[in-house]
Amino acid sequence: MSAFASFGAWAQRNRWIWAAIGVLILWLVLSVVTNRFSLSSLSGVMLSASFLTVVGIGQMFVVTTGRGNIDLSVASVITLSAFVALLTVKGQDANLAIGVIAAVVLGLAVGALNSLLVVGLGIPAIIATLATGYVLATATLLSNKAIPGFAVSPALKDMATGRVEGVPIMAVIAIVGIALTSFVLRYTVFGQLLSAVGQNRAAARLAGIRNGPVIASAFVISSVLASLDGLLLGAYVGGAFLEMGQPYLLQSIAAVVLGGTLIFGGSATALGTLFASILLILIVTTMQIIGLPPGVQDIVQGIVVIFVLALAGRQALARRASVDLAHGDKDATAKTEAGAATARPK
């Protein structure tokens, strides 16, 4: 086997490598063009990518459940959580525990609602989570009227913007989250159940797996992580504003799929989500350096998302076709053996 074929086979098993290569290439291009990119600027990119990584991890769990499941409520959860943090913490470290509990409760409540709509009522995830997002947007408007001010807890501010030996604390949080997620996906029963449900729900059901709780847990994880991300993002920007979480909607989906998680479920890569988040932030940084207006930046990001989803869809269809072909070969072999057994003289 040639070196190229060996690399292709290895890359097929480690799909995160393509996002990592994209980060390396774009970083080198920016370094040459601007003559100002350094490790310090890389840490700034990592800081921005960390917020996307946290919400991307939750989105990845939902996508892994299969059938095109996507959580479209994450943007509204992020925004509402930032407002709830302002209302509960009130800029005082003494109230920080209350703010964290409020964020977790918000995530649990939204995740439970999404689970009820998707698992309990059988509503497609895209429609259910979109409807949930609209409800949360109304709650955000009401919270906006009740905001007394924009004071941020100093401890929370330090966590969102602080650095340790030049490394952003948020980057450390994101990397630890990726490591824990990778462990869960690869070495825990829940990770195996999640992959089994995403690959084939009927087969998982026949194997004795209860699909409903597995899918519901993915939506709960997504909402809780989005809510905690909103808590930290509010501290990072110094407050909260309407549509604050909107950029993370398409970017979280793109980070998951671009990172190597299959859009039709069944196979996820947490490390790829991290590299893809960095790549997307680098793309935005590149457009800002070029001087593209915000509207054009949104168009470019939309094109990137469409391209990534289209490519992922083609790969998923090809993978499914190969699986069906393999099953067809097995069925044909079984029929041939059965026919031969029938034709034998008794």
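For the structure itself, look to the data block above.
Residues numbered from 1 in each chain as written. Predicted model: local features only at pLDDT ≥ 70, side-chain atom pairs only at ≥ 80, totals over all residues. Heavy atoms only, no water.

A. Geometry of a nonpolar patch on the surface. Taken together, the side chains of I25, V29, V32 and V33 define a hydrophobic patch exposed on the protein surface, amounting to about 390 Å² of accessible area. A residue is classified by how much of its surface remains accessible, and V29, at 43% relative accessible area, is partly exposed. (Patch = residues over 30% accessible without salt bridge, like charges linked within 9 Å, V, L, I, M, F, W, Y side chains within 5 Å. Areas by Shrake-Rupley, 256 points an atom, 1.4 Å probe, with all protein chains shown as cover. Salt bridge = Lys/Arg side-chain N within 4 Å of Asp/Glu carboxyl O. Buried < 20%, exposed > 50% of the residue type's maximum accessible area, 1.4 Å probe, protein only.)

B. Representation of the nonpolar core. F51, V55, F61, Y248, I278 and L282 are the most contacted members of the largest nonpolar core, which has 82 residues in total. It is helix α3 (residues 39–64) that provides the largest number of residues to this core, a total of 13 residues. If we ignore the near neighbours within four places in the chain, the residues touching I278 are V23, V45, M46 and A49. (Core = buried A, V, L, I, M, F, W, Y, C linked by side-chain atoms within 4.5 Å. Helix = DSSP H or I, 4+ residues; strand = E, 2+ residues; numbered from the N terminus. Contact = heavy atoms within 4.5 Å.)

C. Just helix α4 (residues 74–89), in detail. Between its terminal C-alpha atoms α4 stretches 22 Å, which fits the 22 Å expected from 16 residues at 1.5 Å a residue. Buried residues dominate α4, accounting for 14 of its 16 residues. Phi turns positive, to about 55°, at K90, one or two residues after α4. (Expected span 1.5 Å × (residues − 1).)

D. Region of interest: helix α13 (residues 270–290). The end-to-end C-alpha distance of α13, which contains 21 residues, comes to 31 Å, matching closely the 30 Å that a straight helix rising 1.5 Å per residue would cover. Where α13 begins, the side chain of T269 points an oxygen toward the backbone nitrogen of G272, at a separation of 3.2 Å. (Polar contact = N/O pair within 3.5 Å; in protein donor to acceptor, adjacent residues only side chain to side chain.)

E. Region of the structure containing the layout of surface pockets. A volume near 700 Å³ is recorded for the largest pocket. If you trace the largest pocket, you find 29 residues lining it, with P247, Q251, I281, V284 and Q301 closest to the centre. Mapped onto the lining of the largest pocket, the elements with two or more residues apiece are α3, α11 (211–237), α12 (247–258), α13 and α14 (294–343). If one sorts the elements of the lining of the largest pocket by residue count, α14 sits on top with 7 residues. Residue composition of the lining of the largest pocket, grouped by class: 19 nonpolar, 9 polar and 1 charged. (1 Å grid on protein atoms, 1.4 Å probe; cavity = no way out; pocket = protein on both sides within 12 Å on 5 of 7 lines; lining within 4 Å. Points joined across faces, edges and corners; volume = space filled by probe spheres on them. Nonpolar A, V, L, I, M, F, W, Y, C, P; charged D, E, K, R; others polar.)

F. Spotlight on the packing of aromatic side chains. Counted by the stated rule, this structure contains 4 aromatic pairs. With a centroid separation of 5.9 Å and 20° between ring planes, the pair formed by W16 and F275 is classed as stacked. Pair noted here: W16 is in helix α2 (residues 16–34) and F275 is in helix α13, with a separation of 259 residues, a long-range link. When the ring of F51 is compared with that of Y236, the centres are 5.1 Å apart and the planes differ by 45°; the resulting orientation is tilted. Here F51, found in helix α3, pairs with Y236, found in helix α11; they are 185 residues apart in sequence, far enough to count as distant. Judged by relative accessible area, which is 1%, F51 ranks as buried. For Y236, a relative accessible area of 30% gives the class partly exposed. (Phe/Tyr/Trp six-rings, centres within 6.5 Å; stacked < 30°, edge-to-face > 60°.)

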